[in-house]
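Fold and contact review
Listed below, chain by chain, are the residues.
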Amino acid sequence: MTKTEGAARPLPVPAVFRIDPYVPGKSSAPGVGRIYKLSSNETPLGPSPRAKEAVRAAAEGLEAYPEGTARVLRMSIGAKFGLEPERIVCGAGSDEILHLLASAYLGPGDEGVFTEHGFLVYKIAILAAGGAPIVAKETKVTADVDQILAKVGPRTKIVFLANPNNPTGTYLPIAEVERLADALPQNVLLVIDAAYAEYATQADYAAGESLVRARENVVMTRTFSKIHGLAAIRLGWCYAPEHVCDAINRIRAPFNTSTAAMAAGLASLADAAHIEASIAHNDQWRDWLSREIAALGIEVTPSAGNFLLLRFRGAEEAREADAFLTARGLILRAVAAYGLPDCLRLTVGSEEANRLVVAALADFIATRTKG
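Owing to the predicted nature of the structure, the values given are computational and were not obtained by experimental measurement.

Cut-off values and rules
- Residues numbered from 1 in each chain as written.
- Predicted model: local features only at pLDDT ≥ 70, side-chain atom pairs only at ≥ 80, totals over all residues.
- Heavy atoms only, no water.
- Core = buried A, V, L, I, M, F, W, Y, C linked by side-chain atoms within 4.5 Å.
- Buried < 20%, exposed > 50% of the residue type's maximum accessible area, 1.4 Å probe, protein only.
- Helix = DSSP H or I, 4+ residues; strand = E, 2+ residues; numbered from the N terminus.
- UniProt positions renumbered as here; feature names shortened; annotations may be inferred.
- Contact = heavy atoms within 4.5 Å.
- Polar contact = N/O pair within 3.5 Å; in protein donor to acceptor, adjacent residues only side chain to side chain.
- Domains from an automatic or database assignment.
- Buried area = accessible area lost by both parts, 1.4 Å probe.
- Salt bridge = Lys/Arg side-chain N within 4 Å of Asp/Glu carboxyl O.
- Pairing = 2+ DSSP bridges.
- Axes fitted to C-alpha atoms, helices over the stretch in contact; angles between N-to-C directions.
- Phe/Tyr/Trp six-rings, centres within 6.5 Å; stacked < 30°, edge-to-face > 60°.
- Right-handed = clockwise from strand over helix to strand, strands pointing away.

A look at the nonpolar core
Core analysis: the biggest nonpolar cluster contains 46 residues, and Leu190 and Trp237 have the highest contact counts within it. If you tally residues by element for this core, the top one is helix α9 (residues 259–270), at five residues. Counting 31 residues, the second-largest nonpolar core is a separate cluster that includes Phe119, Ile126, Leu189 and Val219.

Quick notes on the UniProt feature "modified residue: N6-(pyridoxal phosphate)lysine" (unreviewed entry) in the protein
UniProt annotation of "modified residue: N6-(pyridoxal phosphate)lysine" (unreviewed entry) refers to Lys226 when read in the numbering used here. In this fold, lysine 226 is placed in the loop between β7 (218–223) and β8 (236–239). Among residues more than four places away in sequence, those in contact with lysine 226 are Ser40, Asn41, Thr43, Ala195, Tyr196 and Tyr199. Polar side-chain contacts of lysine 226 include one of 3.4 Å to the backbone oxygen of serine 40.

Some details on the domain arrangement of the protein
What the domain assignment lists for the protein is domain 1 (14–46 + 273–370) and domain 2 (49–271). The distance between the C-alpha centroids of domain 1 and domain 2 comes to 25 Å. Taken residue by residue, the interface counts 32 residues in domain 1 and 32 residues in domain 2. Taking both partners together, domain 1 and domain 2 bury about 2,700 Å²; carbon and sulfur atoms supply 64% of that area. Looking at the side of domain 1 facing domain 2, the largest losses of area belong to Ile275, Ala304 and Tyr338, adding up to 23% of the total buried there. Linking domain 1 with domain 2 are zero salt bridges. Sorting the residues of the side of domain 1 that touches domain 2 by element identifies α10 (272–294) and β10 (307–311) as the ones contributing at least two each. If you tally residues by element for the side of domain 1 that touches domain 2, the top one is α10, at eight residues.

Focus: the sheet that holds strand β9 (residues 299–301)
The strand order β9-β10-β13-β12 describes an open sheet built from four strands, whose pairing is antiparallel. Where the open sheet ends on each side, the last strands, each with one partner, are β9 and β12 (333–334). Examined bridge by bridge, β10 and strand β13 (residues 343–347) share five bridges and lie antiparallel to one another. Looking at β13, one finds that leucine 308 is bridged to leucine 346. Contacts between α10 and the sheet are confined to β9, β10 and β13, with β10 contributing the most and set at about 10° to the helix.

Focus: the sheet that holds β7
Taken together, seven strands build an open sheet; the order of strands is β2-β8-β7-β6-β5-β3-β4 and the sheet is mixed. Of all the strands in the sheet, the pair left with one neighbour each is β2 (88–91) and β4 (132–136). The average undirected angle you get between the axes of adjacent strands in this sheet is 20°. Sitting on the sheet, helix α2 (residues 71–81) is in contact with β2, β7 and β8, with an inclination near 120° to β2.

Digging into the packing of aromatic side chains
Applying the stated criterion across every chain yields a total of nine aromatic pairs. A ring pair is formed by phenylalanine 81 and tryptophan 237, whose centres lie 5.6 Å apart and whose planes are at 35°; its orientation type is tilted. With phenylalanine 81 in helix α2 and tryptophan 237 in strand β8, this residue pair connects regions lying 156 residues apart in the sequence. Note on phenylalanine 81: relative accessible area 27%, which makes it partly exposed. Residue class for tryptophan 237 comes out buried when judged on its relative accessible area of 2%. On the basis of an interplanar angle of 90° and a centroid distance of 5.7 Å, the ring pair of phenylalanine 119 and tyrosine 122 is categorised as edge-to-face.

Remarks on the pairing of strand β6 (residues 189–193)
With five of five residues buried, β6 lies mostly within the body of the structure. Side-chain alternation along β6 places Leu189, Val191 and Asp193 on one buried face and Leu190 and Ile192 on a second face that is also buried. Relative to β6, strand β5 (residues 156–162) runs parallel, the two sharing five bridges. Bridging from a neighbouring strand, valine 159 pairs with leucine 190 of β6. For the segment spanning β5, helix α6 (residues 174–183) and β6, crossover handedness is right-handed. Bridge analysis of β6 against β7 gives four bridges, and the strand direction is parallel. Bridging from a neighbouring strand, aspartate 193 pairs with threonine 221 of β7. Viewed along the sheet, the connection from β6 through helix α7 (residues 209–214) into β7 turns out right-handed.

Listed below in structure tokens is the structure:
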């Protein structure tokens, strides 16, 4: 009799117990009237009105299964970005795509590499697939190509790179991403997580489509949760070599992309003006927040996303600032789980929320100084 046969109940595989469940940012403050949720990188402009209407219309057919290949949405994404639809796979958020890639390319004894302040889902996906998570050091909270390459060995099967990175907001110029892709062994899959690509308006940034097109071992993932404002309905996609698409299509759920999600995605892609307004709002207020908060003496990491990493004078001050802001209905994201206990992440919000958070931080600093 084996050990599991003698167990009093079914036991999951041991790797499950090495996974720390993902904990989203808080969204409430008991006893506080109005809440400004600045903890989840949600767009303050919300989704396109066309997307809302598309979801309402989709409610008329809830009894029918979705179209299983997301063909129309893939064609629309392809037309929007100049990509081949047959090299696109859609899913329930880019998180699902990340898990599918890990499941398809990792097994027991294999290794997956990601950077020390990278998105927490990478570690979860690697462990869930039975692989070993390998962490590469960052330089000034920015991914470092040489540090990543130093962690790549004979057991490495996948490298996850968030670009721009959450929660730091830092990014690698496309030339550095190309250098990473060129140096990786051909049997190692490079996954470029470009969830915040639309917000990265820097001249030396690119999401990575050209790298995917030119190589057999590069994948780019994208999401409708951020600038499209469709986080609630879970919609994401990847652009990948056809052999990678074939692998993950074999293991994804048959109807993993809902009818409502596909309808909203199609409508949002068609509303270019709404996306442009979101980019303009973010450019304006990200820069304003950076200047105003830095002027208070709080370190602000330059960001290519729709959020800012604020560094305080130690973990205790970060916790106190979090509590001070929460008491005023301003909900930020504590990021100790990312190895940044002295930091808070601030989503760029509405004009009202942005001004309130700067005023509250000024009061907090004044209180600390007086104390």
